[in-house]
Amino acid sequence: MNPGPGLAHHVHGRPLRGRFDGLETVDFGMGCFWGAERRFWQVPGVHTTAAGYAGGGAPDPTYEQVCSGRTGHAEVVRVVYDPAQVDFATLLKVFWESHDPTQGMRQGNDIGSQYRSVIHCHTIAQHRAALASRDAYARRLQAAGYPPVTTEIVHPAPQFHYAEDYHQQYLAKNPGGYCGLGGTGVSCSA
């Protein structure tokens, strides 16, 4: 059984789990969750972030199981944010510009279904906004010579499983750690 993360975020000390009244949640997958999580905890208005697994069939997946590619889970980052401080369009801009959403079952050197690009929406409004932003960004990417966007955009969000504690805020705990994120260089108008 995966014990999941400790109670507090390593960077800012706020809780990783619990009820977040007045805040909204979305789960983003954009390759290895270490670099993805760092991108989002740095955004003003993001209350907390957590690394995890979502979109697969195993009831309580571990990192080793997810990396085998047999569970169907993606590595994702749960982003809990205050919509009064940061709008969803800003988070979508960070998502699109921080990775290459045209690579299918990989991100850079990280290959496998666990590294696919996904947005797991928790509200219908998020889902609509994510679909519209995907279509707009796909046109920009196509104009720059990129293939079609492969990002999965899902509502309702599938079950989120917290990753093991050592994955939480990994790049804050290990500043020299691996981060394979790299965007396309194509700007996204949020």
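Below, the structure is looked at part by part.

Criteria and thresholds
- Residues numbered from 1 in each chain as written.
- Predicted model: local features only at pLDDT ≥ 70, side-chain atom pairs only at ≥ 80, totals over all residues.
- Heavy atoms only, no water.
- Helix = DSSP H or I, 4+ residues; strand = E, 2+ residues; numbered from the N terminus.
- Rg over C-alpha atoms; globule rule 2.2 N^0.38 Å.
- Contact = heavy atoms within 4.5 Å.
- Areas by Shrake-Rupley, 256 points an atom, 1.4 Å probe, with all protein chains shown as cover.
- Lys, Arg positive; Asp, Glu negative; His and termini not counted.
- Charge placed at Lys NZ, Arg CZ, Asp CG, Glu CD.
- Buried < 20%, exposed > 50% of the residue type's maximum accessible area, 1.4 Å probe, protein only.
- Pairing = 2+ DSSP bridges.
- Axes fitted to C-alpha atoms, helices over the stretch in contact; angles between N-to-C directions.
- Phe/Tyr/Trp six-rings, centres within 6.5 Å; stacked < 30°, edge-to-face > 60°.

**Re the overall build of the chain**
- Along the chain, the regular secondary structure elements total five helices and eight strands.
- Going residue by residue from the N terminus, the α and β elements of the chain occur as β-α-β-α-β-α-β-β-β-α-β-β-α.
- Here the C-alpha radius of gyration of the chain, 15 Å, is about what a compact globule of 190 residues would show, namely 16 Å.
- Judged by the C-alpha coordinates and their principal axes, the chain covers about 45 × 40 × 35 Å.
- Residue pairs in contact within the chain that sit at least 24 positions apart in sequence constitute 79% of those at least 6 positions apart.
- Of the roughly 8,500 Å² that the chain leaves accessible, carbon and sulfur atoms contribute 52%.
- Of note, the chain has its 15 positive side-chain charges centred 4 Å away from the centre of its 16 negative side-chain charges.

**A word on helix 3 (residues 88-97)**
- All of the buried residues in helix 3 are Phe88, Leu91, Leu92, Val94, Phe95 and Trp96.
- Where helix 3 is buried, its residues contact strand 1 (24-30), helix 1 (33-41), strand 2 (46-54), strand 3 (74-81), strand 6 (117-121) and helix 4 (124-143).

**Points about the pairing of strand 3**
- Where burial is concerned, most of strand 3 is hidden: eight out of the eight residues are buried.
- Both faces of strand 3 are covered, namely the face carrying Ala74, Val76, Arg78 and Val80 and the face carrying Glu75, Val77, Val79 and Tyr81.
- Of the strand pairs in this sheet, strand 1 and strand 3 are connected by five bridges, and their pairing is antiparallel. Opposite Glu24, over in strand 3, you have Tyr81 as the bridge partner.
- For strand 2 and strand 3, the ladder comprises eight bridges, and the chain directions are antiparallel. Across the sheet, Thr48 pairs through a bridge with Val80, a residue of strand 3.

**Description of the sheet that holds strand 6**
- The strand order across the open sheet formed by six strands is 7-6-1-3-2-8, and the pairing between neighbours is mixed. Edge positions in the sheet fall to strand 7 (152-154) and strand 8 (160-162), since each has one partner strand and no second. Strand-to-strand, the axes of this sheet are offset by a mean angle of 30°, without reference to chain direction.
- Sheet contacts for helix 3: strand 1, strand 2, strand 3 and strand 6; angle to strand 1, the most-contacted strand, approximately 10°.
- Those strands touched by helix 4 are strand 1, strand 3, strand 6 and strand 7, and its axis lies near 160° from that of strand 7.

**A short note on helix 1**
- Among the nine residues of helix 1, seven are classified as buried, and the element is accordingly described as predominantly covered.
- Residues of helix 1 that are buried sit in contact with strand 1, strand 2, helix 2 (63-67), strand 3, helix 3 and helix 5 (170-173).

**Quick notes on the packing of aromatic side chains**
- With the rule as written, the count across this model stands at nine aromatic pairs.
- Summarising the aromatic geometry, the rings of Phe33 and Tyr53 are spaced 5.7 Å apart at their centres and angled 45° between planes, so their arrangement reads as tilted. Here Phe33, found in helix 1, pairs with Tyr53, found in strand 2; they are 20 residues apart in sequence, far enough to count as distant. With respect to burial, Phe33 and Tyr53 carry one shared label: buried.
- With a centroid separation of 3.6 Å and an interplanar angle of 10°, the aromatic rings of Trp34 and Tyr170 are classed as stacked. Pair noted here: Trp34 is in helix 1 and Tyr170 is in helix 5, with a separation of 136 residues, a long-range link.
- Residue class for Trp34 comes out buried when judged on its relative accessible area of 12%.
- Ring-pair connections join several aromatic residues into one group, and the members of that group are Phe28, Phe40, Phe95, Trp96 and Tyr137.

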